[in-house]
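Descriptive analysis of the structure
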There are 2 protein chains.
Amino acid sequence: MPLKADLDAIDWKILRELQNDGRMTNVELSSRVGISAPPCLRRVRRLEETGIIRGYRALLNAPALGMDVVAFCLIGLHHQADAELKTFAERTRGWPIVRDAWMVSGESDFLLHCVASDLGTFQTFVIEELASAPNVDTVRTALTIRRVKDEGLVAFPA
Amino acid sequence: MPLKADLDAIDWKILRELQNDGRMTNVELSSRVGISAPPCLRRVRRLEETGIIRGYRALLNAPALGMDVVAFCLIGLHHQADAELKTFAERTRGWPIVRDAWMVSGESDFLLHCVASDLGTFQTFVIEELASAPNVDTVRTALTIRRVKDEGLVAFPA
DNA sequence: TCCCCGCGCGCAAGAATCTTTCGTGATTTC
DNA sequence: GAAATCACGAAAGATTCTTGCGCGCGGGGA
């Protein structure tokens, strides 16, 4: 996984297209970026192998699946030594409600992206699991009202 | 887009597999979920048409693309009337640094997921764009140190 | 200057996949 | 109990994937 990759304009186009539609066929992709299918596939493979493309994911509609609560939790710990940070990070991986988690700097130590079927489930999780976990000092929650923007992960050069 | 869908065990398996690998071929998918390819494809199409699958996306490695700063911003507004919320939401869509944005309830009004090439770019954005935007009261930022968990959006029944 | 080499593109062909059509069996409905 | 509905799976044609190979461009080195 190189820290700095040398990508040309076609590579950037490929990344933009696949970020918008990860299931696009290779012929469609090659047509959009302006080269033929074989070199296009080779470029995609190379982007995958170098780790620039980390994977592909279907985006699901949480409310339609009965997941009505999406929230973010900001966690402050009592002690921030390396071992304690790793312990808490490991703990987040065992909580199915937590979908994504980040270690952050600032007023909090962790930010958790949570999805639950209903408010009761989420509140129970916050009180009985999160807030009562070892070393947890503060828990601030922000329930999402609606998604306002939903681009891919990375912006692209003009 | 039905608010509550009736999915059987096979549909759930499909969603789980595509959430893990959105580019899996249909024959591979059908084999994993235990049915033949045609009905499997019909199920995927139905999940897409009903909006349960919102789309597909390649996950990119931001640092490898020269995006070294990933941060979250919590925004508090002075006034939270519907028009003002919509105005700010619209503004977030015009900022390329903001990749995802949520309207939230709690201590803040919006949560912004930001990606920038370097700290200077991000700080300039926060000071000159975000904090100086109309109606913005408070801006709290949390720089991410590392991703700790990265599952799909939705958890699945056992 | 010329030659050689490496790199990436594109053509072509075989393999794999996608997609539609159709027949069958199970469940539901009247 | 009969008919209708639904979803599955087999089969076949269309599309796509994937590999191998030849070509042209650009960068050293003699």
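Identification of chain A as Transcriptional regulator from Mesorhizobium amorphae CCNWGS0123 is taken from an unreviewed UniProt entry.

Structural notes on the protein's contact with DNA strand D
For DNA strand D, the full set of nearby residues is Thr 25, Asn 26, Val 27, Pro 38, Leu 41 and Arg 45 of chain A together with Ile 35, Ser 36, Pro 38, Pro 39, Arg 42 and Arg 43 of chain B. Of all DNA strand D atoms lying within 4 Å of any protein atom, the proportion belonging to sugar or phosphate reaches 65%. One of the backbone N or O atoms of Val 27 of chain A is found 3.0 Å from a phosphate oxygen in DNA strand D. Between Arg 45 of chain A and DNA strand D, the recorded distance is 2.6 Å, taken from a side-chain N or O atom to a phosphate oxygen.

Thoughts on the protein's contact with DNA strand C
In the neighbourhood of DNA strand C, 13 residues make up the surrounding shell, with Ser 36 and Arg 43 of chain A together with Asn 26, Val 27 and Arg 45 of chain B lying closest. When the atoms of DNA strand C within 4 Å of the protein are sorted by group, sugar and phosphate make up 64%. Taking Ser 36 of chain A, its main chain carries an N or O atom lying 2.8 Å from a phosphate oxygen of DNA strand C. Contact distances for DNA strand C include 2.4 Å between a phosphate oxygen and a side-chain N or O atom of Arg 43 of chain A. Mapped by element, the contributors of at least two residues to the surface near DNA strand C are helix H3 (37-49) of chain A together with helix H2 (26-33) and helix H3 (37-49) of chain B. A per-class count over the surface near DNA strand C returns 6 nonpolar, 3 polar and 4 charged.

A closer look at the interface of chain A and chain B
Counting residues at the interface gives 73 residues for chain A and 73 residues for chain B. Carbon and sulfur atoms supply 56% of the area that chain A and chain B bury against each other, a total of about 7300 Å² over both sides. Considering only the surface of chain A that becomes buried against chain B, Arg 23, Arg 57 and Lys 149 of chain A emerge as the three largest contributors, covering 12% of it. If you look at where chain A meets chain B, you find 6 salt bridges.

Describing the pairing of strand E3 (residues 98-105) of chain B
Within E3 of chain B, 7 of the 8 residues are buried, which leaves it mostly tucked inside the rest of the structure. Pairing analysis gives 6 bridges linking strand E5 (residues 136-150) of chain A to E3 of chain B, with the strands arranged antiparallel. Bridging across to E3 of chain B, Arg 146 of chain A finds its partner in Met 103 of chain B. With 5 bridges connecting them, E3 of chain B and strand E4 (residues 110-116) of chain B associate as antiparallel partners. In the sheet register, Trp 102 of chain B faces E4 of chain B, and the bridge partner there is Leu 111 of chain B. Connecting E3 of chain B to the next strand, E4 of chain B, in antiparallel fashion are 4 residues, including Gly 106 of chain B with a positive phi near 135 degrees.

Some points on the packing of aromatic side chains
Tallying each qualifying case throughout the model produces 8 aromatic pairs over all chains. Both rings, one in Phe 72 of chain A and one in Trp 102 of chain B, keep their centres 5.8 Å apart while their planes meet at 70 degrees; by these two values the pair is edge-to-face. In this pair, Phe 72 of chain A is assigned in strand E2 (residues 69-77) and Trp 102 of chain B in strand E3, connecting two distinct chains. Taken as a pair, Phe 72 of chain A and Trp 102 of chain B share a single burial class, namely buried. When the centroid spacing of 4.7 Å and the interplanar angle of 50 degrees are considered together, the rings of Phe 88 of chain A and Phe 110 of chain A count as tilted. A residue pair is termed long-range when its members are at least 10 positions apart, and Phe 88 of chain A in helix H4 (residues 82-93) and Phe 110 of chain A in strand E4 (residues 110-116) qualify at 22 residues. Judged by relative accessible area, Phe 88 of chain A falls into the buried class, the value being 2%. Its relative accessible area of 0% is what places Phe 110 of chain A among the buried residues. Ring pairs connect the aromatic residues Phe 88, Trp 95, Phe 110 and Phe 125 of chain A, which therefore count as one cluster.

Quick notes on the rules
Residues numbered from 1 in each chain as written. Chains lettered and ligands numbered in written order. Predicted model: local features only at pLDDT ≥ 70, side-chain atom pairs only at ≥ 80, totals over all residues. Heavy atoms only, no water. Near = heavy atom within 4 Å. Polar contact = N/O pair within 3.5 Å; in protein donor to acceptor, adjacent residues only side chain to side chain. Helix = DSSP H or I, 4+ residues; strand = E, 2+ residues; numbered from the N terminus. Nonpolar A, V, L, I, M, F, W, Y, C, P; charged D, E, K, R; others polar. Contact = heavy atoms within 4.5 Å. Buried area = accessible area lost by both parts, 1.4 Å probe. Salt bridge = Lys/Arg side-chain N within 4 Å of Asp/Glu carboxyl O. Buried < 20%, exposed > 50% of the residue type's maximum accessible area, 1.4 Å probe, protein only. Pairing = 2+ DSSP bridges. Phe/Tyr/Trp six-rings, centres within 6.5 Å; stacked < 30°, edge-to-face > 60°.

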